[in-house]
Amino acid sequence: MGTLHLLFNAVTVIFIAATMFTAGLGATFAALRGVLTDVPLLTLSLIANMVAIPLLGWGIGALLSLPTASFIALVLVASSPGGPFGAKLAMVQKGDIVAAGAVQVLLAAIGSLTFAPTVNGILTAAKVGNGISLDVGALVQTVALLQLVPFAIGLLLRRYAALTAQAWHPTAAGVSNVTFLIVLAGMLVGNWQNVVALLGSRTLLAGFVLAAAAFAVGTLLSTGPPVRRTAMGGVTAVRNAGPALAAIGIAFADQPAILGALAAALLSGLAAALPIAALLSSRRNGPGNP
């Protein structure tokens, strides 16, 4: 199991790096500047991801009367924006990949700073769990290495070696696609017992509802054409598992009940977000669409 766990982690790292590298290869400095200087877009994205979704997670957990472990897991997920699957969902739906990649990296970086106080505030107000203290420096470093650096390398290649970037883009996208499927399969296989144990519970429903609602919130709290708005919806729907896993290890001693609930919430969230992205893709491939 140790070897399989290491292999899964390695494939996950490759997936994240390949996805962000692919996003960078498809970006231009002009397009990126347009996103990062779009104050309304960034402001709305920050409100959606840093305020609305954590509160939504709290509300869904309370409304469904989740048991303590599941409530904690849902709050951890809701409070951790910038998941690397966000850029992948933009690719799946044929949305604005440049905007998705840029905003995702920004959210992951800011989220690594806001995660612990957000979770602490909600759990304290809900009178659940203990205080969480995380190594913020380590979280920021992880975001930089796995998301920002590959995106920047792809962007620079597109700027200074356009032919190379064009040649590498299909291969990078293929690696992203293949590793994406492997990661999904690994999550299912590695956590099937925990997920099966939660079948019929409200935990899977909570993760599904949170992701679907987050997709809607991210789309509504956005600006620009539909391809950009729905890309922001996908980024908002997919949360960052890294800080959540770190919190479970540090503050909750890797409690199996919380780990299982986290896996269930993440998987049911993907089960909600992926069909939405696929539906958008099919509509954009329909008659009259390029």
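For the structure, check the block above.
Basis of the calculations
- Residues numbered from 1 in each chain as written.
- Predicted model: local features only at pLDDT ≥ 70, side-chain atom pairs only at ≥ 80, totals over all residues.
- Heavy atoms only, no water.
- Helix = DSSP H or I, 4+ residues; strand = E, 2+ residues; numbered from the N terminus.
- Contact = heavy atoms within 4.5 Å.
- Areas by Shrake-Rupley, 256 points an atom, 1.4 Å probe, with all protein chains shown as cover.
- Salt bridge = Lys/Arg side-chain N within 4 Å of Asp/Glu carboxyl O.
- Buried < 20%, exposed > 50% of the residue type's maximum accessible area, 1.4 Å probe, protein only.
- Axes fitted to C-alpha atoms, helices over the stretch in contact; angles between N-to-C directions.
- Parallel < 35°, antiparallel > 145°, perpendicular 65-115°, else oblique.
- Left-handed = near helix turned anticlockwise from the far one by under 90°.
- Patch = residues over 30% accessible without salt bridge, like charges linked within 9 Å, V, L, I, M, F, W, Y side chains within 5 Å.
- Expected span 1.5 Å × (residues − 1).
- Bend = angle between axes of the 7 residues up to and from the residue.
- Polar contact = N/O pair within 3.5 Å; in protein donor to acceptor, adjacent residues only side chain to side chain.
- Core = buried A, V, L, I, M, F, W, Y, C linked by side-chain atoms within 4.5 Å.
- Phe/Tyr/Trp six-rings, centres within 6.5 Å; stacked < 30°, edge-to-face > 60°.
- Lys NZ or Arg CZ within 6 Å of the ring centre and 35° of its normal.

## Details of the overall build of the protein chain
Consideration 1: Scanning the protein chain for helices and strands turns up 13 helices and zero strands.
Consideration 2: Reading the protein chain from its N end, one meets helices and strands in the order α-α-α-α-α-α-α-α-α-α-α-α-α.
Consideration 3: A separation of at least 24 residues holds for 83% of the contacts in the protein chain among residues at least 6 apart in sequence.
Consideration 4: If you sum the accessible surface of the protein chain, you get close to 12,700 Å²; carbon and sulfur atoms cover 72% of it.

## Here we look at the pattern of salt bridges
Consideration 1: This structure, assessed with the given rule, holds two salt bridges.
Consideration 2: A salt bridge links Arg228 to Asp38; the nearest nitrogen and oxygen atoms lie 3.7 Å apart. Linking Arg228 in helix 11 (residues 226-237) with Asp38 in the loop between helix 2 (29-36) and helix 3 (39-63), this pair joins segments that are 190 residues apart in sequence.
Consideration 3: Among the ionic pairs, Asp96 bridges to Arg228, the shortest N-O distance being 3.0 Å. Highlighted residues: Asp96 in the loop between helix 5 (85-92) and helix 6 (97-125) and Arg228 in helix 11, separated in sequence by 132 residues.
Consideration 4: For Arg228, a relative accessible area of 16% translates into the label buried.
Consideration 5: Members of the salt-bridge network, linked through shared partners, are Asp38, Asp96 and Arg228.

## Focus on the packing of helix 11 against helix 13 (residues 256-284)
Consideration 1: At a minimum axis separation of 10 Å, helix 11 and helix 13 run at an interaxial angle of 165°. One finds that helix 11 runs roughly antiparallel with respect to helix 13. The interaxial crossing formed by helix 11 with helix 13 has left-handed handedness. Residue-level inspection shows Pro226, Val227, Thr230 and Ala237 of helix 11 in contact with helix 13, the latter providing Ala273, Leu280 and Arg284.

## Things to note about a nonpolar patch on the surface
Consideration 1: Where nonpolar side chains cluster on the molecular surface, the patch consists of Ile47, Val51 and Leu55 and spans about 240 Å² of accessible area.
Consideration 2: Tracing the sequence through the fold places Val51 in helix 3.

## Points about helix 3
Consideration 1: The end-to-end C-alpha distance of helix 3, which contains 25 residues, comes to 34 Å, matching closely the 36 Å that a straight helix rising 1.5 Å per residue would cover.
Consideration 2: The largest bend along helix 3 reaches roughly 35° and is located at Ala52, with the proline Pro54 sitting one to four residues downstream.
Consideration 3: Looking at helix 3, one finds that the buried residues are Leu41, Leu42, Ser45, Ala48, Asn49, Met50, Ile53, Pro54, Gly57, Ile60 and Gly61.
Consideration 4: Of the surrounding elements, those touching the buried residues of helix 3 are helix 2, helix 4 (68-78), helix 6, helix 10 (202-220) and helix 11.
Consideration 5: At the N-terminal boundary of helix 3, the capping side chain belongs to Asp38, with an oxygen 3.1 Å from the backbone nitrogen of Leu41.

## Let's talk about the nonpolar core
A general tendency of soluble globular proteins is for nonpolar side chains to be buried together.
Consideration 1: If you look at the biggest cluster of nonpolar residues, it comprises 44 residues, and the most contacted ones within it are Ile72, Leu76, Phe85, Leu123, Leu210, Ile258 and Leu262.
Consideration 2: In this structure, Ala90, Ala100, Ala102 and Val105 belong to the second largest nonpolar core, which totals 23 residues.

## With respect to the packing of aromatic side chains
Consideration 1: Counting across every chain of the model gives two aromatic pairs.
Consideration 2: Seen from their ring centres, Phe21 and Trp168 are 6.5 Å apart, and the 50° between their planes marks the pair as tilted. Of this pair, Phe21 sits in helix 1 (residues 2-25) while Trp168 sits in helix 8 (residues 162-190); the two residues are 147 residues apart in sequence, bridging distant segments of the chain.
Consideration 3: The class for Phe21 is buried, based on a relative accessible area of 17%.
Consideration 4: A relative accessible area of 47% means that Trp168 is categorised as partly exposed.
Consideration 5: A cation over a ring is seen here: Arg159 above Phe29, with NZ or CZ 4.9 Å from the ring centre.

## With respect to unusual backbone geometry
Consideration 1: At Lys94, a residue that is not glycine, the phi angle is positive and equals roughly 60°.
Consideration 2: In this fold, Lys94 is placed in the loop between helix 5 and helix 6.
Consideration 3: Using a relative accessible area of 41% as the deciding quantity, one classes Lys94 as partly exposed.
Consideration 4: Of note in the backbone geometry, Lys127 takes a positive phi value of approximately 60° without being a glycine.
Consideration 5: Looking at where Lys127 falls in the secondary structure, it is placed in the loop between helix 6 and helix 7 (136-160).

## A look at the side chain of Asn240
Consideration 1: Looking at the element boundaries, Asn240 is found in the loop between helix 11 and helix 12 (241-251).
Consideration 2: Using a relative accessible area of 11% as the deciding quantity, one classes Asn240 as buried.
Consideration 3: Among all residues touching Asn240, those that are not within four sequence positions of it are Ser80, Pro81, Gly82, Gly83, Pro84, Ala108 and Gln147.

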